[in-house]
Amino acid sequence: MAEVARTLDVGTEVTGRVKHVGIYGALVDIGTGQDALLHISQLPNGEERRFEEVVQADSDITAYVYKTRQDGYVALTMEKPPLVPWQSIKQGNTYTGEVIRVENFGVFVDFGAERPGMVHVSEMAEGYVKSPSDIASIGQEVEVRVIKKSGRPRQIDLSMKKQQEQSALVEEDAEDEIEVPTSMAQAFRRAMGSTEENRGRDDNKRAPRNDHRSRQEEILARTLRGS
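*Asks:* I keep staring at the pairing of strand 8 (residues 117-120) and nothing clicks. Help me out?
*Replies:* Side-chain positions along a regular strand alternate between the two faces of the sheet. The alternating pattern of strand 8 places Gly-117 and Val-119 on one face and Met-118 and His-120 on the opposite face, and all of these are buried. Strand direction decides the pairing type here: strand 7 (residues 106-110) and strand 8, joined by four bridges, are antiparallel. Each residue of the ladder has a partner; that of Val-109, found in strand 8, is Gly-117. What sits between strand 7 and strand 8 in their antiparallel hairpin is a turn of six residues, with Gly-112 showing a positive phi close to 100°. Bridge count between strand 8 and strand 10 (residues 155-159): two bridges; the pairing is parallel. Its bridge partner being in strand 10, Met-118 is matched across the sheet by Asp-157.

So, in structure tokens, the structure goes:
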């Protein structure tokens, strides 16, 4: 039955019966001959109830394949996966998405990934753009192209320009890469203010990099919350 498990794609919706609930999560029979693991960390996003209040033994649940192995092991999640998995996002890929936020330095676009990507004002159109609102508005459908993907924090830089108008594409998908300042990064710094940049420099030489990442995460978090 390990062959059945290997045919399951990540993101596939499955139903199964909970066989056992423990402190780590639950074992679920999904018909592959080997119980799948639903880890306690894989409750739906925003779920505040305790695990045992959401998943009970001998109950039927719907979940999604989170990970598989050649030996038939299957890990599950109750969080519905994004339409565009992170692993599939590559430089040069084009997507159709919706503008969900407009800032003075660019726009955020939801194209089905786990988080929205950002189009810097310099990548919105050919020539000088005075304000992003002159080009795009919230709710507008736009075509975007990936020009950079950063692993930490998970950040996607997009362009609305035609491919021949773009400069050389750079992808950074390593978790521990060295950051290279870009117009995107500078825009984030300006958006969050210069005060936070200087905090802690004397005590920790890595603080500017950590502050920069936390500011990016804050803007992305606010965007996902719709605030």
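Still more to cover.
*Asks:* Where do I start with the packing of aromatic side chains in this structure?
*Replies:* Think of a pair of aromatic rings as described by two things: how far the centres are apart, and how the planes are tilted against each other in angle. Enumeration according to the criterion identifies one aromatic pair in this entry. Just above the ring of Tyr-73 sits the side chain of Arg-69; from NZ or CZ to the centre is 4.1 Å.

*Asks:* Looking at this model, I keep getting lost on the sheet that holds strand 5 (residues 74-77). Mind explaining?
*Replies:* Strands pair in a sheet through their backbones, by hydrogen bonds, and they do so in one of two ways: parallel or antiparallel. In space, the five strands of this closed barrel follow the order 1-2-3-5-4, with mixed pairing throughout. The average undirected angle you get between the axes of adjacent strands in this sheet is 50°. Where strand 3 (residues 36-39) meets strand 5, two bridges bridge the pair, whose relative direction is parallel. Counted as the bridge partner of Leu-37 is Ala-75 from strand 5.

Each value, and the rule that gives it
Residues numbered from 1 in each chain as written. Predicted model: local features only at pLDDT ≥ 70, side-chain atom pairs only at ≥ 80, totals over all residues. Heavy atoms only, no water. Buried < 20%, exposed > 50% of the residue type's maximum accessible area, 1.4 Å probe, protein only. Helix = DSSP H or I, 4+ residues; strand = E, 2+ residues; numbered from the N terminus. Pairing = 2+ DSSP bridges. Phe/Tyr/Trp six-rings, centres within 6.5 Å; stacked < 30°, edge-to-face > 60°. Lys NZ or Arg CZ within 6 Å of the ring centre and 35° of its normal. Axes fitted to C-alpha atoms, helices over the stretch in contact; angles between N-to-C directions.

Read these as layout, nothing more, since geometry by itself doesn't imply function.
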